Amino acid sequence: MTLLRLNEACLAFGLRPLLDHAMLEVAAGERVCLLGRNGEGKSSLLRVFAGEQPLDSGQAWRSPGSRVALLQQDALTEDTRPVSEIVREGLDAADPGALEDWQVEMRIAEVLERLELDGEVPLADLSGGWRRRALLARALAADPQVLLLDEPTNHLDVEAILWLEKFLQSYRGAVLFVSHDRAFIRRVATRIVELDRGRLTGWPGTYDEYLIRKAEALRVEADQNALFDKRLAQEEVWIRKGIEARRTRNEGRVRALYALREEHRQRRNRMGTANLQVQEAQTSGKLVFESENLTHGYGEVPLVRGLNLRVMRGDRLALLGPNGAGKTTLLRLLLGQLEPQSGSVRQGTKLEVAYFDQQRAQLDPAATVMENVTGGGESVIINGQRRHVSGWLQDFLFPPERLNSPVSMLSGGERNRLLLARLFAQPANLLVMDEPTNDLDVETLELLEERIAEFNGTLLLVSHDREFVDKVATSVIAFEGEGQVREYVGGFSDWLRQRPVAAARWRDSTRGAVAGTVVSTETPAPAKTATAMPVAAAAAPVRKRKLSYKDQRDLEQAPARIAALEEEQAALQVRLQDPAFYSLSREESAPVLARLQVLAAELPKAYERWEALEAMADGA
């Protein structure tokens with residue numbers, strides 16, 4: 001049953017079309033991920049379906065009587081109403097007067113309990129992650145048939161993201177969501193739709209298959225454009241030599257040239273890739289930060305208690321923990337912006353800090369794009385050389401016509417790119433980045449990963465993007481509750497491996513979805529000493545049962561079975577990389593894609609079965 005339909009939809013802001021005769025259908029039970037570069041119009045498309053943005057032409061249709069809820073990209077920061085009133089607003093807007101007062105109160109209480117929210121707290125007093133939860137509660141309050149989610153994982157901690165993944169996987173209605181969280185997309189999306197230069201294109205298969213097919217499509221498009229441009233150049237040379245005679249065939253050739261020129265003028269070239277550069281300052285001292293018995297908090301239970309931590313030059317630390325656990329507080333303590341209640345923090349020498357603020361408070365919404373980088377000037381100093389701000393901002397995909405646009409007109413992703421342009425315009429040997437990945441498109445996100453990997457200084461990172469943490473972090477600072485903070489070697493997946501007790505529910509929910517890594521349950525490696533607090537008590541022992549004959553046989557055959565599945569998966573992925581595959585008919589290609597999906601589901605189950613049997617055998 002179709003719940004949403006877009007038919008020949010056109011929408012433009014100024015001279016730039018966001019939707020150009022776009023077509024789309026979303027059926028009940030589908031979870032469609034809408035991908036696209038920053039500023040392509042993804043948020044505008046969600047507002048079209050929500051009835052908040054009219055089309056210039058075409059039709060946006062919703063199934064009659066269906067309830068539609070929209071979770072917007074930006075969390076409200078100035079709203080001082082209590083959370084319960086925010087949730088009630090979503091219920092009233094969807095179907096006013098449909099429920100009795102007692103039913104409304106019961107529904108609000110149910111949603112607040114599900115998302116672990118305190119209904120009496122003003123929204124403005126919550127952190128970014130908890131505000132996000134409150135707005136999600138408002139969207140879910142009316143039990144909608146259609147959920148429109150714009151970057152739903154922004155500001156959520158990992159535990160909340162895992163809850164949202166499970167909720168959406170069991171959701172019976174239709175979900176159309178915008179996200180650049182690669183692990184989230186892999187676990188939630190049943191279909192990928194891309195908005196590229198005004199057109200919507202559906203990509204069957206998984207997210208990883210989309211990446212392969214999209215790369216091939218872009219290569220073919222580039223080849224075709226190169227051939228077209230070569231032909232146009234040849235015709236331009238011909239006409240400059242003059243028409244030898246006014247014969248019909250020459251006049252026809254001139255008309256054909258005019259048509260080529262018009263086609264070239266109408267062609268919308270794909271936006272280039274950002275050229276991020278991190279300016280490195282002089283090398284800092286070998287010691288960057290050192291804390292001794294550091295304790296700080298705002299209530300009876302401290303956020304940080306007895307922390308002994310040493311950060312050396314070149315370390316890349318990721319701070320992980322629930323919203324409100326104290327990650328930003330620890331950053332401020334290390335940077336000297338807060339005085340600890342007890343203990344001490346010692347900073348190293350020659351530190352030059354570049355700070356990325358997740359709330360983007362460093363940006364002035366009323367000022368222009370250019371003014372936010374230069375403060376009113378027209379140039380920046382990059383690697384010791386003066387450079388015009390226009391050229392610098394073009395590296396971050398801001399065309400000259402956008403330089404005088406106010407920041408309030410930018411999308412969330414564009415604001416993040418602007419903050420990166422402002423951040424990287426100053427030399428630094430210490431990068432402090434608080435949720436830098438929010439709203440960034442995948443291409444810019446991957447480039448940011450590369451630039452941070454090349455950075456020779458020190459990195460302090462707060463992020464709930466599991467794949468990003470895996471790729472850039474060398475150590476994890478984990479907030480484990482009641483003031484306990486410990487350091488572990490490696491990234492997110494490594495932390496799960498080293499802390500199977502504390503992270504059991506995270507490990508089980510993310511198996512096979514974090515950067516393609518299968519998490520084992522082997523004996524954890526010792527953590528680096530980062531606190532004087534004792535390690536959390538081990539979980540109670542689980543009763544083991546003796547292996548049956550079938551279990552023993554399955555255990556013996558598990559390695560060979562997994563190897564066969566992985567070999568088959570690798571062979572099919574090689575086929576997908578062959579350009580000839582994309583010329584096959586649907587009847588020929590569909591079984592390959594279907595088998596890949598089956599293998600993607602079977603492999604994690606096979607590993608889980610193997611690990612469970614090994615655990616049983618060890619305890620027998």
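From a predicted model like this one, the values you see are computed outputs, not experimental measurements.

## Considering the overall build of the chain
Right, so step 1: In terms of helices and strands, the chain carries 18 helices and 20 strands.
Right, so step 2: Taking as baseline every contact in the chain between residues at least 6 positions apart, the subset at least 24 positions apart corresponds to 70%.
Right, so step 3: Accessible surface, the chain: about 29400 Å² in total, of which carbon and sulfur atoms supply 49%.

## Overview of the confidence of the model for the chain
Detailed reading of predicted coordinates is not advised where the pLDDT is low.
Right, so step 1: With 84% of its residues at a pLDDT of 70 or more, the chain has an overall mean of 79.
Right, so step 2: In this model, residues 500-544 is a region of pLDDT below 50 whose contacts with residues beyond four sequence positions or in other chains number 87 contacts.

## Focus on the sheet that holds strand β9 (residues 199-203)
Sheet strands associate in pairs through backbone hydrogen bonding, adopting either a parallel or an antiparallel arrangement.
Right, so step 1: Spatial ordering of the open sheet is given by β5-β6-β7-β3-β8-β9, a layout of six strands whose pairing is mixed. The sheet is open, and its two borders are formed by β5 (68-71) and β9, each paired with just one other strand. For this sheet, the mean inter-axis angle between neighbouring strands, taken without regard to orientation, is 20°.
Right, so step 2: Two elements, strand β3 (residues 31-35) and strand β8 (residues 191-196), share four bridges in a ladder whose sense is parallel. Bridge assignment links L34 to a residue of β8, and that residue is V193.
Right, so step 3: Of the strands in this sheet, β3, β5, β6 (146-150), β7 (174-178), β8 and β9 touch helix α1 (residues 42-50), which is tilted by about 155° from β6.
Right, so step 4: The strands that helix α4 (residues 128-140) touches are β5 and β6; relative to β5, the one it contacts most, it runs at about 170°.

## As for the side chain of R182
Right, so step 1: One can find R182 in helix α6 (residues 182-188).
Right, so step 2: Setting aside chain neighbours within four positions, we find R182 in contact with Y207, V442, L445, E446, E449, D465, E467, F468 and K471.

## Let's talk about the packing of aromatic side chains
Right, so step 1: On inspection of all chains with the given rule, the structure shows six aromatic pairs.
Right, so step 2: With a centroid separation of 5.6 Å and 85° between ring planes, the pair formed by F177 and F184 is classed as edge-to-face. Comparing F177 with F184 shows no difference in burial state: the two are buried.
Right, so step 3: A ring pair is formed by F492 and W495, whose centres lie 5.9 Å apart and whose planes are at 55°; its orientation type is tilted. With a gap of three residues between them, F492 and W495 both fall in helix α15 (residues 492-498), about one helical turn apart. Take F492 and W495: they sit in the same class, and that class is buried.
Right, so step 4: An aromatic cluster is defined as three or more aromatic residues linked by ring pairs; in this entry it consists of W163, F167 and Y171.
Right, so step 5: The aromatic ring of W61 is capped on one face by R5, whose charged end is 4.7 Å from the ring centroid.
Right, so step 6: Sitting above the plane of the W130 ring, R133 keeps its charged end 4.4 Å from the centroid.

## Observations concerning the nonpolar core
Right, so step 1: In this structure, W392, L393, L418, L420, F424, L431 and M433 are the most contacted members of the largest nonpolar core, which totals 48 residues.
Right, so step 2: Ranked by the residues each element gives to this core, the list is headed by helix α12 (residues 412-424), at six residues.
Right, so step 3: Grouped together as the second largest cluster of nonpolar side chains are 43 residues, C33, V87, A134 and W203 included.

## Observations regarding the pattern of salt bridges
Right, so step 1: Taken as a whole, this structure holds 26 salt bridges when the rule is applied.
Right, so step 2: Note that R182 is salt-bridged to E467, the shortest N-O span being 3.8 Å. Of the two residues, R182 is situated in helix α6 and E467 in helix α14 (residues 466-472); the sequence distance between them amounts to 285 residues.
Right, so step 3: Exposure remark for E467: the relative accessible area of 5% places this residue in the buried category.
Right, so step 4: Within this structure, R182, R186, D208, E449, E467 and K471 form a network of salt bridges that share partners.

## Let's talk about helix α5 (residues 158-169)
Right, so step 1: The end-to-end C-alpha distance of α5 is 16 Å, a good match for the 16 Å that twelve residues give at a rise of 1.5 Å each.
Right, so step 2: For α5, the N-terminal capping position is held by D157, with its side-chain oxygen 2.8 Å away from the main-chain nitrogen of A160.

## Notes on the sheet that holds strand β2 (residues 16-27)
Right, so step 1: Ordered in space as β2-β1-β4, the three strands form an open sheet in which the pairing is antiparallel. Since the sheet does not close on itself, it has two edges, and those belong to β2 and β4 (57-62), each with one partner. Direction aside, neighbouring strands of the sheet carry axes that sit 15° apart on average.
Right, so step 2: Pairing geometry for strand β1 (residues 2-13) and β4, over five bridges, is antiparallel. Within β4, the position partnered with R5 by the bridge is W61.
Right, so step 3: Here α1 sits on the sheet and contacts β1, β2 and β4; the angle it forms with β1, its principal contact strand, is near 125°.

## Comments concerning the packing of α4 against α5
Right, so step 1: In the contact formed by α4 and α5, the axes pass within 13 Å of each other and the chain directions differ by 15°. By the angle between their directions, the pair α4 and α5 is classed as roughly parallel. Of the two elements, α4 crosses α5, and the hand of that crossing is left-handed. Where α4 approaches α5, its residues R133, L136 and L140 are matched on the opposing element by A160, W163, L164 and F167.
Right, so step 2: The residue makeup of the contact of α4 with α5, split by class, is six nonpolar, no polar and one charged.

## Quick word on the environment of A478
Right, so step 1: Locating A478 in the fold gives a position in strand β19 (residues 475-479).
Right, so step 2: For A478, the residues in contact, after removing those within four places along its chain, are L320, Q484, V485, R486, Y488 and W495.

## A few points about the pairing of β1
Right, so step 1: By the bridge criterion, nine bridges tie β1 to β2 in an arrangement that is antiparallel. Pairing of L6 across the sheet is with L24, part of β2.

Cut-offs used in this document
All residue numbers here refer to positions counted from 1 along the written sequence of the relevant chain. A pLDDT threshold of at least 70 governs which residues receive local features in this predicted model, and a stricter bar of 80 or more applies before side-chain atom pairs are shown or counted, although totals over entire chains, interfaces and linings include all residues. As a convention, hydrogens and water are excluded, and side-chain values are obtained from all of the structure's heavy atoms. Numbering goes from the N terminus for both helices and strands, where a helix is a DSSP run of H or I of at least four residues and a strand is a run of E of at least two. Whether two residues touch is decided by their heavy atoms; if any such pair falls within 4.5 Å, the residues are in contact. Note on areas: Shrake-Rupley with a 1.4 Å probe; residue coverage comes only from the protein chains shown. Per-residue confidence from the prediction method is given by pLDDT, with values spanning 0 to 100. Strand pairing is defined by DSSP finding a minimum of two bridges between the two strands. Here, axes are lines fitted to C-alpha atoms. For helices the fit covers the stretch in contact, and angles between N-to-C directions go from 0 to 180 degrees. Each pair of aromatic rings taken from Phe, Tyr and Trp, with Trp reduced to its six-membered ring, is defined by centres within 6.5 Å and is described as stacked if the planes are under 30 degrees apart, edge-to-face if over 60, and tilted in the remaining cases. Three exposure classes are used, based on accessible area relative to the maximum for each residue type with a 1.4 Å probe and protein chains only: buried under 20%, partly exposed in between, and exposed over 50%. Only when the NZ atom of a Lys or the CZ atom of an Arg is both within 6 Å of the ring centre and within 35 degrees of the ring normal do we say a charge sits over the ring. As used in this record, nonpolar core signifies buried Ala, Val, Leu, Ile, Met, Phe, Trp, Tyr and Cys residues forming a set joined through side-chain atoms within 4.5 Å. A pair is scored as a salt bridge if a Lys or Arg side-chain nitrogen falls within 4 Å of a carboxyl oxygen belonging to Asp or Glu. Helix span, expected: 1.5 Å multiplied by one less than the number of residues in the helix. We define a polar contact as two N or O atoms separated by no more than 3.5 Å, with the added condition that, inside protein, one atom must be a possible hydrogen donor and the other a possible acceptor, whereas residues neighbouring each other in sequence contribute only through side-chain atom pairs. For classification, angles of less than 35 degrees are called roughly parallel, those exceeding 145 degrees roughly antiparallel, those between 65 and 115 degrees roughly perpendicular, and all remaining angles oblique. Working rule for handedness: look at the near helix, and if it is turned counterclockwise from the far one by less than a right angle, call the crossing left-handed; if clockwise, right-handed. For this classification, Asp, Glu, Lys and Arg are treated as charged, while Ala, Val, Leu, Ile, Met, Phe, Trp, Tyr, Cys and Pro are nonpolar and the rest, including Gly, are polar.

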